[in-house]
Amino acid sequence: MFTTAYDLFWQYRDVYLRGLANALTAAALGLVLSLCVGVLAGIVRFSSRGIAGRIIGIYVSVVRNTPMLVQVYFIYFGLPALGITLSAFATGVVALTFNSGAYIAEITRGGLAAIPQGQTEAAMALGLNQRVLLARVLVPQAAPTVLPAITGQFVQLIKDTSLLYTIAVLEITKAADDVGNETYQFLEAYLVSCVIYVVICAVLNLLVDQYERRAGFSRHRRV
Amino acid sequence: MTFFEARNVNLYFGSFHVLRDVSFEFGKGDVLVVCGPSGSGKSTLIRSINRLAGPLASGSMSIQGCDLKSLPRRDLYRRIGMVFQRFNLFQHLTVLENIALPQRRVLGRSRREAADRARALLDRVGLVDKAETYPVRLSGGQQQRVAICRTLAMEPELLLFDEPTSALDPEMVGEVLQVMRGLASGGMTMIVVTHEMGFARELGTEILFMEQGQVVERAPPVDFFASPREARTRAFLDQILHH
């Protein structure tokens with residue numbers, strides 16, 4: 001089975017690599033965009049008790065309490081209904097951003113909430129305004145602690161690209177399915193995609209671990 | 001002349017009546033020492049002065065005749081500084097940056113000016129060689145001295161000290177009290193919540209004894225220690241002085 005799988009991969013390497021490239025691009029774009037959305041949303045959720053904070057609260061719980069596949073379909077059929085027509089790939093990136101943004105918002109909010117209250121009190125007592133408090137006191141202290149979780153989110157994004165298969169984006173899973181359809185060797189075709197996922201995600205996770213160890217070390221040095 | 005005045009201040013945390021009809025006043029250059037058993041509302045009292053304890057249910061406080069409630073945030077925090085029990089230095093900034101950041105962001109001083117002033121203050125408390133160090137590398141006493149510098153750099157008219165030596169190891173209490181002694185003799189107006197009765201006796205202009213959110217007794221230190229009027233004050237002093 002393994003040799004067959006390897007042969008399949010080699011024979012259809014173009015398809016697989018194109019799928020891999022698409023998946024990585026979608027995940028990377030999704031990460032960058034959801035970082036923008038998520039960090040901002042997390043900061044607003046953390047600092048606003050008002051309407052903006054509540055709207056973001058709803059957004060986060062909608063994302064967390066529905067399957068991602070449903071979100072993908074909803075965006076895929078919903079955007080055209082709103083008069084927005086995007087390519088399948090772009091729709092996929094929107095879906096990834098929508099989903100991941102909510103998780104990053106929660107990671108950000110958690111990171112900010114973990115900073116001791118005394119830091120905020122000191123900043124207030126010194127007369128720093130809300131903006132300076134966030135930008136110069138809280139966010140810089142939260143950033144190193146949330147970075148591993150956000151990199152973990154990137155791994156999640158790569159795995160989630162597989163759902164874009166359902167809206168006909170050629171990513172890793174779609175590539176495997178295409179190869180299976182052509183050769184009727186589904187198990188082997190999917191085994192190839194499985195190995196690709198494992199290799200990429202394991203490497204990324206290793207990098208995160210490395211970072212955490214290094215960051216822990218440097219924090220100790222500073223301490 | 002009255003510099004600061006609190007009139008019938010009442011404050012609740014939920015249904016808990018934390019401050020009950022608290023009134024006092026003092027003049028410029030005075031050192032008001034607030035003491036009392038834990039949970040008596042003394043920290044809450046000074047935190048309510050700079051809006052860290054939520055809005056008052058009733059009563060009013062004023063500094064030089066200006067009602068604190070109607071004082072804009074900016075003015076309030078420029079005029080009233082605070083030193084915390086746990087120092088609360090910004091952990092990601094060096095000592096110098098800690099003292100410079102608020103000067104630059106609130107007072108609009110230049111980087112150069114803020115740094116110069118920070119160094120001058122650090123020199124006064126004997127920590128100028130620690131300017132580039134991060135707070136975690138400092139002892140508690142050193143951190144508290146830096147925190148005092150950070151507040152002083154803003155040139156407040158009134159300084160609030162919330163148990164500034166309670167989180168310190170005993171051997172570091174002296175160095176912080178030394179700095180506070182210098183401030184008091186330099187004419188700084190201060191409210192100090194503390195259990196350091198030696199400090200209270202030596203530098204307090206007046207002592208406010210609180211229990212269960214109420215002011216039980218208010219007297220100059222000589223009278224307070226020698227002949228407390230209230231039984232509760234005597235019980236407290238017995239406990240704290242002869243344990």
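Notes on the structure follow.

Basis of the calculations
- Residues numbered from 1 in each chain as written.
- Chains lettered and ligands numbered in written order.
- Predicted model: local features only at pLDDT ≥ 70, side-chain atom pairs only at ≥ 80, totals over all residues.
- Helix = DSSP H or I, 4+ residues; strand = E, 2+ residues; numbered from the N terminus.
- Buried ≥ 20, exposed ≤ 12 C-beta atoms within 10 Å, placed from the backbone.
- Pairing = 2+ DSSP bridges.
- Contact = placed C-beta atoms within 7 Å.
- Axes fitted to C-alpha atoms, helices over the stretch in contact; angles between N-to-C directions.
- Parallel < 35°, antiparallel > 145°, perpendicular 65-115°, else oblique.
- Left-handed = near helix turned anticlockwise from the far one by under 90°.
- Nonpolar A, V, L, I, M, F, W, Y, C, P; charged D, E, K, R; others polar.
- Core = buried A, V, L, I, M, F, W, Y, C linked by C-beta atoms within 7 Å.

## Describing the overall build of chain A
- Helix and strand counts for chain A come out as 9 helices and 0 strands.
- Along chain A, helices (α) and strands (β) appear in the sequence α-α-α-α-α-α-α-α-α when read from the amino end.
- For the C-alpha atoms alone, the extent of chain A along its principal axes is close to 70 × 50 × 25 Å.
- When the 223 residues of chain A are sorted by exposure, 37% land in the buried category.

## Quick notes on the sheet that holds strand β1 (residues 2-13) of chain B
All names here are of chain B.
- Judged by pairing direction, the sheet is antiparallel, and its 4 strands sit side by side in the order β2-β1-β4-β5 without closing on themselves. Since the sheet does not close on itself, it has two edges, and those belong to β2 (16-27) and β5 (66-67), each with one partner.
- Sheet analysis places β1 next to strand β4 (residues 58-63), joined by 5 bridges and oriented antiparallel. Opposite Asn10, over in β4, you have Ser58 as the bridge partner.
- Against the sheet, helix α1 (residues 42-49) contacts β1, β2 and β4, and its axis sits at roughly 65° relative to β2.

## What about the interface of chain A and chain B?
- In this assembly, 16 residues from chain A lie in contact with 19 residues from chain B.
- Elements with a contribution of two residues or more to the side of chain A that touches chain B: α6 (117-125) and α7 (130-160) of chain A.

## Notes on the environment of A:Ala27
- Note on placement: A:Ala27 falls in helix α2 (residues 13-47).
- Through-space distance from the C-alpha of A:Ala27 to that of A:Gln119 is 35 Å; in sequence the pair is 92 residues apart.

## Notes on the packing of helix α3 (residues 95-106) of chain B against helix α5 (residues 140-152) of chain B
All names here are of chain B.
- Closest axis-to-axis distance for the α3/α5 pair is 8 Å, and the angle between their directions is 25°. Here α3 is positioned roughly parallel relative to α5, judged by the angle of their axes. The handedness of the crossing between α3 and α5 is right-handed. Every residue of α5 that contacts α3 at Val95, Asn98, Ile99 and Pro102 is listed here: Val146, Cys149 and Arg150.
- The class makeup of the residues in the contact of α3 with α5 is 5 nonpolar, 1 polar and 1 charged.

## Here's the deal with unusual backbone geometry
- One non-glycine residue, A:Tyr184, lies in positive phi territory at about 60°.
- One can find A:Tyr184 in the loop between α8 (172-183) and α9 (186-222).
- On the basis of neighbour counts, which here come to 8 C-beta atoms within 10 Å, the residue A:Tyr184 falls in the exposed class.
- Not every positive phi belongs to a glycine, and B:Glu163 is a case in point at roughly 45°.
- Looking at where B:Glu163 falls in the secondary structure, it is placed in the loop between β7 (158-162) and α6 (170-185).
- On the basis of neighbour count, B:Glu163 is assigned to the buried category, with 21 C-beta atoms found within 10 Å.

## Regarding the packing of α5(B) against α6(B)
All names here are of chain B.
- In contact at an axis separation of 8 Å, α5 and α6 are set at 15° when each is read in the N-to-C sense. With respect to α6, the element α5 is oriented roughly parallel. Crossing handedness for the pair α5 and α6: right-handed. Residue-level inspection shows Gly140, Gly141, Gln144, Arg145 and Ile148 of α5 in contact with α6, the latter providing Met172, Glu175, Val176 and Val179.
- The class makeup of the residues in the contact of α5 with α6 is 4 nonpolar, 3 polar and 2 charged.

## Observations regarding the sheet that holds strand β8 (residues 189-193) of chain B
All names here are of chain B.
- With mixed pairing, the 6 strands of this open sheet are ordered in space as β6-β7-β8-β3-β9-β10. Each edge of the open sheet carries a strand with a single partner, namely β6 (80-83) and β10 (214-219). In this sheet, neighbouring strand axes are inclined to one another by 20° on average, regardless of whether the strands run parallel or antiparallel.
- Two elements, strand β3 (residues 31-35) and strand β9 (residues 206-211), share 4 bridges in a ladder whose sense is parallel. Looking at the pairing, Val34 lines up with Leu208 of β9.

## Thoughts on the nonpolar core
- Membership of the largest hydrophobic core comes to 93 residues, with the highest contact counts inside it found for B:Val33, B:Val34, B:Ala118, B:Cys149 and B:Leu160.
- With residues up to four places along the chain from it excluded, the contact list for B:Val33 reads B:Val192, B:Thr194, B:Ala200, B:Gly204, B:Ile207 and B:Leu208.
- A:Ala95, A:Val169, A:Ala175 and A:Val192 belong to the second largest nonpolar core, which has 31 residues in total.

## Looking at the environment of A:Ile167
Residue and element names in this part refer to chain A.
- Looking at the secondary structure, you find Ile167 in the loop between α7 and α8.
- Residue classification places Ile167 among the partly exposed positions, given that 17 C-beta atoms sit within 10 Å.
- In this structure the C-alpha to C-alpha distance between Ile167 and Thr97, which are 70 residues apart in sequence, comes to 16 Å.
- Those residues in contact with Ile167, other than ones at most four positions away along the chain, are Val72, Tyr76, Ala88, Thr91 and Gly92.

## Digging into the pairing of β3(B)
Residues and elements named next belong to chain B.
- Burial analysis of β3 places 5 of its 5 residues in the buried class, the great majority of the element.
- Burial along β3 is two-sided: Val31, Val33 and Cys35 facing one way and Leu32 and Val34 facing the other are all buried.
- With 4 bridges connecting them, β3 and β8 associate as parallel partners. Within β8, the position partnered with Val33 by the bridge is Val192.

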